[in-house]
Amino acid sequence: MTQQTIDFDRNAAIGGDEYDKMTPSVFPGYEVIHQMALACLQAKLPDETNVLVAGAGTGMELVKFGQGNSKWQLLGVDPSEKMLAIAKNKLQHHGLSEQIKLFKGYINDLPEISIYDAATSILVMYYIPDDGSKLAFLQSIVQRMKPSSTFILIDFFGEKGTDDFQQMISLMKEFWKEMGIPEAKKAELLEIMNKSLYPVSETRVLELLQQAGFSKVTQFYRGLLIGGWMAMKNDF
């Protein structure tokens, strides 16, 4: 399995404080997907459980999950020191520092003896090339989950170069216009999307999940090029 060394601070379309300000305008349904992810977890998990959040970023889902159930214990993992500093401040502000812990690094850096009842990856995997690294990322997560546990994947997806992808990009551009994103920022986002992001088709997403050791995959969300899937780790 390859070790991920993606520089998320460098590759992120928007980073740090600007990330929190701009992201809801960049990704269709940004706040909704976190609420839906929480609903999926609440439907599957007991009151007392532990959840692994891969790619915690600035802590949006950590706060959402922590406030959703005060008995859940969460670990947010991210290689970006800048992002985790913002997440730490959020947790302190909301009084969640005891319930939610942060870990700087990659999932591979966690001891395999750390086993979780559920895991999430929200808007992370599209930064990772599909050269074996996406699969390795998912495998590193599944290795730290209990059998039959729940995984939530939300990601930017689509096959570059296809008519469907280009149509969705056109709709994204109109969405950005309606959200008031300046032309210069739109151009920056499109350049990063073309050069530094690695979305794959839904068919490939499902294939990767199956290869990593997940089954019973259900899509619970689609907003233009953002998709959400719930899966279960195989029990063997």
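Residue positions are given per chain, counted from 1 along the sequence in the order it is written. At least 70 in pLDDT is required for a residue's local features to be given in this predicted model, at least 80 for side-chain atom pairs to be given and counted, and no such filter applies to totals for whole chains, interfaces and linings, which use all residues. Based on all heavy atoms of the structure, the side-chain values leave hydrogens and waters out of the count.

Visitor: Go over the packing of helix α7 (residues 163–178) against helix α8 (residues 183–196), please, and point to the residues and values.
Guide: At a minimum axis distance of 11 Å, the contact between α7 and α8 shows a crossing angle of 150°. Relative to α8, α7 is oriented roughly antiparallel. Seen along the crossing, α7 lies across α8 with a hand that is right-handed. Residues I169, K173, W176 and K177 of α7 form the contact with α8, whose participating residues are K186, L189, L190 and M193. Here the nonpolar group is Ala, Val, Leu, Ile, Met, Phe, Trp, Tyr, Cys and Pro; Asp, Glu, Lys and Arg are the charged ones; every other residue, Gly included, is treated as polar. When its residues are assigned to classes, the contact of α7 with α8 shows five nonpolar, no polar and three charged. All axes here are fitted lines through C-alpha atoms, helices being fitted over the stretch that makes contact, and every angle between N-to-C directions spans 0 to 180 degrees. The helix and strand labels rest on DSSP assignments: H or I over at least four residues marks a helix, E over at least two residues marks a strand, and numbering proceeds from the N terminus. For classification purposes, an angle smaller than 35 degrees is called roughly parallel, one larger than 145 roughly antiparallel, one from 65 to 115 roughly perpendicular, and anything else oblique. If you view the pair so one helix is near and one far, a crossing is left-handed when the near helix is turned anticlockwise from the far one by less than a right angle, and right-handed when it is turned clockwise. It only takes one pair of heavy atoms within 4.5 Å for two residues to be counted as in contact.

Visitor: How would you sum up unusual backbone geometry? Please name residues and give values.
Guide: Even without glycine at this site, L123 takes up a positive phi of about 55°. Inspection of the secondary structure assignment puts L123 in the loop between β4 (116–122) and α6 (133–142). Here S148, not a glycine, exhibits a phi torsion of approximately 65°, which is positive. Relative to the helices and strands, S148 is located in strand β5 (residues 145–156).

Everything listed here is a matter of geometry and, on its own, says nothing about what the molecule does.
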